[in-house]
Each structure stands twice: as C-alpha cells, then as structure tokens.
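Architecture and fold: a report
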Amino acid sequence: MIKRFAHKYRIISIYYYFLKCWYSLQILIKEFVFNKLIYSPIYNVDNNNLAALKLLKNSLNNRGIAWPLKSDLNPHIVYASIPSVWELENIPESLNKITSNVSYYYTKDFDIDFSSSRSKAIKLNDSLFYDWVVKQNNICKIDVIITYFSGGEISSSTITKISNLGIPIITFHLDDRLHFFGRLVGFKFSGPFSVCRSYDLNLSSCIYSLNQYKFFNSNVYYWPEGANTDFFKPNFGSIKKYDVVFVGSKYGARKQLVEFLLKKGINVTCFGRGWDNGSISSSDYIEIVNQSKIVLGLGYISFTKYQTLKGRDFEIPSCGALYLTTHNEELSMLFEIDKDIVTYNNFNDCCDKILYYLRNESAAVEIQINARNKVLTSHSWEKRFREILFE
C-alpha cells in the first residue's frame, strides 16, 4: 500500500531511501546486539555444524528416533512449502536422487492463499498440514520432514504436534539476515524467530544469522544455497553473443552499476522486471547465461550495503559461466576467488575485471570450467541434503 502511494505521488525515490535506512538499521542493530550477547565461536563453521548435528542426533535418539538416516533403506522424506519457481527447479529433482520415497506438501494444492489474510492462511495451513502428515505417516512411516516454512506460514504448536508423532522436522531459512523477526502477523512475528525453537534443526544460509538462533536456544546449522546441477548446466554448443549480462529486477545499486558500466563503454544486457528486455523464463535464463561471456551479480540485501548469499551464486557457476559479483567473505569460504568465481570491491574494480576477462578468453574459460566442477563436487542441492540427513 505504501509503495503504491509512493508511485502515485512520484516519491518512489524517497520510499526506496526509507527502505534502505530501515533495512540497514534492522540488520545493524540485530547483529550488534546478538554478537555482544553470544560469545560462541560461530564463525568456525565446521565446529558449529558438527555441534548442531551432534545435538540433533542426541535429541532424536533420546526421543527413541533412529538418527541419522540410512540412505540404503530408501527413507520416506516429506518436503513442504509454498512452492516457488526456484524450488520446483531445484528441490524435487535433488530429493528424488536421494530416495524414491518422497512426498510433497504444497500449499497451492490445498488452496491456501497467503497473499490475502496471512493469519487465516496460517491457521488453515496448521490444520491441513498436520492432518496430511498424520495420513501420510499412517500410509508409510515418515522418516523426516523438511519444510521451507517460517512463522508466517506455520505455528510453533503445529511443529511440536508433529514432533510428538515421533517425526524429525527440519526447516531452512534463506532470508534470515534481514527477516529473522519479520513483521507482526496476528501478534507474532513472521520470521524464523517465532518457530525456530520448535524445529529439531534450523538451516540458515547466512553465517551472520547464527548467533540469533543460538541466543533463543534453537539448534542451527550453516547451510548455504545450492544448485540442481542437472537443470543449471552448461550448453557447450552455445555461441557467446553477450559480453556482460545481468538478470534481476532493476533498482538501487543494480541500476547504478549498469549505468556506470554503460558509460565506460561496456556492453551490458539486462533482463528482468524494470529493464527494457523484461522478465524471462527459467529456460531462457539458462540459455542466456550460457550465451554470456560474463554474468554480473550483486549480493546486496535489497537496498542495503549488507550482503547475503543468493541462489544465483550457485546456479550461474553451475551453468559453467564466468560469474563476477560483489566481494563477500561468505563466498570466499565456498569458492576460490579468481579461480572458481571472480569478485569486485567497487564499480571501478568491476569495470577493470570485465575488461580483463573480455580480453583474456583463455583465463575466462578456465574459470568457467572450475566453476562448474566446484558446484558439482561441493554445492549441489543433493549434497546439501545428504550432509544433514545421512552419516
């Protein structure tokens, strides 16, 4: 409503400036406070994750639940979410590689509309999801439930009821650096905060969010995004028709960077809402990435200068493309910079690196090969699921 008002009275730039300040303040305050309150060495990811899996195993074993799962027993896995395009491209095919016994609960199949009354939708989802789980468990014992639900989709009481059935229940959160609390919906927060203590394990894609979960005595595992390597894959027959491509909506630093590069004489082609070429389908996205010499990324959270991992950080390298994005310490933990992907520190640095790799095709090709291999060996969604479910 506020955004429509801003558009109507042509004060959208003021609205965006307000969002930038508001979002930045939220992140700054949260991370400052929780880093002061929690002194555990969370940035040692290996130690954090080993402790999280140990806690998960002990907790489930104490409840009489065998854990971890055994892949050779073809476990019954449930995946539940409000399905989005990126999920359907990545998750089902990846889970189906793990077991042939997967059941999917999609809210759209039950006519649950979260776009109208969020409180009513949560209550309806609580009831229908629990009843559906009971039915599925009676047909074939469920070994684990994985959801992409936060406080804006499900209630903690429903998660507890499912746990009391003797079923481990895990969830993942991909936008928790900004939305750990979220907004108030019916006197409760829509983010992970409202439900994290009820889940057996929370999977967070942001290392800077871990302290927040720990402060509220919830079990958290650092779990970056990944890619379905059978969907996001190279097309070795593609002709490189674009010098530089950016795919994503037009706003904030994205617009500023593209305009800067164009003024420097770099041919940048953009796709997505707000650009002249408009939005594209997933198949077109993969085709365009394969036809690009360099694919540009920006890792900022909305209008802020804070960063978080993005799905494209894994999908674009999975396509065997040269990915050039903002420097982020988390990315340097997952990829070897200047070998698997390339990062830039400012607009001038971005420009210099684009010019270098456009002039040095052999160096670009080497990075493209390394990028694909790194995702295949380390960052597929299949690998992500296996590491939390199996020994």
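Quick note: structure is the one above.
Residues numbered from 1 in each chain as written. Predicted model: local features only at pLDDT ≥ 70, side-chain atom pairs only at ≥ 80, totals over all residues. Heavy atoms only, no water.

The next subject is the sheet that holds strand E2 (residues 102–106). Judged by pairing direction, the sheet is parallel, and its 6 strands sit side by side in the order E2-E1-E3-E4-E5-E6 without closing on themselves. Edge positions in the open sheet fall to E2 and strand E6 (220–222), since each of these has one partner strand only. Across this sheet, the average inter-strand angle for adjacent strands is 20 degrees, counted without regard to direction. Sheet topology note: the strand E1 (residues 77–81)/E2 ladder contains 5 bridges and is parallel. By the bridge assignment for E2, Val-78 is matched with Ser-103. (Pairing = 2+ DSSP bridges. Helix = DSSP H or I, 4+ residues; strand = E, 2+ residues; numbered from the N terminus. Axes fitted to C-alpha atoms, helices over the stretch in contact; angles between N-to-C directions.)

On to a nonpolar patch on the surface. Residues Phe-18, Trp-22, Leu-25, Leu-28, Ile-29, Phe-32, Val-33, Leu-37 and Phe-215 make up a contiguous nonpolar surface patch of about 870 Å² in total accessible area. The element contributing the most residues to the nonpolar patch is helix H2 (residues 12–37), with 8 residues. Checked against the element boundaries, Phe-18 lands in helix H2. (Patch = residues over 30% accessible without salt bridge, like charges linked within 9 Å, V, L, I, M, F, W, Y side chains within 5 Å. Areas by Shrake-Rupley, 256 points an atom, 1.4 Å probe, with all protein chains shown as cover. Salt bridge = Lys/Arg side-chain N within 4 Å of Asp/Glu carboxyl O.)

Glancing now at the packing of aromatic side chains. For the coordinates displayed, the defined rule picks out 38 aromatic pairs. Here the aromatic cluster, defined as three or more aromatic residues joined through ring pairs, consists of Tyr-79, Trp-86, Tyr-104, Tyr-106, Tyr-148, Phe-172, Trp-223, Trp-381 and Phe-385. The ring of Tyr-130 carries Lys-161 above its face, with NZ or CZ at 4.0 Å from the centroid. Sitting above the plane of the Phe-314 ring, Arg-384 keeps its charged end 5.7 Å from the centroid. (Phe/Tyr/Trp six-rings, centres within 6.5 Å; stacked < 30°, edge-to-face > 60°. Lys NZ or Arg CZ within 6 Å of the ring centre and 35° of its normal.)

Every second residue of strand E3 (residues 144–147) is oriented toward a common face, with Val-144 and Ile-146 on one face and Ile-145 and Thr-147 on the other, all of them buried. With 4 bridges connecting them, E1 and E3 associate as parallel partners. Counted as the bridge partner of Ala-80 is Thr-147 from E3. Note that the unit made of E3, helix H6 (residues 156–163) and strand E4 (residues 169–173) has a crossover that is right-handed. (Buried < 20%, exposed > 50% of the residue type's maximum accessible area, 1.4 Å probe, protein only. Right-handed = clockwise from strand over helix to strand, strands pointing away.)

A separate point is the side chain of Gln-212. Relative to the assigned elements, Gln-212 resides in helix H8 (residues 210–215). Assessed through its relative accessible area of 1%, Gln-212 is described here as buried.

In terms of nonpolar packing, the biggest core is built from 33 residues, with Tyr-222, Val-289, Ile-316 and Phe-335 touching the most fellow members. Counting residues per element, the ones that place at least two in this core are H8, E6, strand E7 (242–247), helix H10 (282–290), helix H11 (312–318) and helix H12 (329–334). No other element matches the 4 residues that H10 contributes to this core. (Core = buried A, V, L, I, M, F, W, Y, C linked by side-chain atoms within 4.5 Å.)

Once that is clear, we can look at H10. Among all positions of H10, only Tyr-285, Ile-286, Ile-288, Val-289 and Asn-290 are buried. As for H10, its buried residues are in contact with E7, strand E8 (268–271), strand E9 (292–296) and H11. (Contact = heavy atoms within 4.5 Å.)

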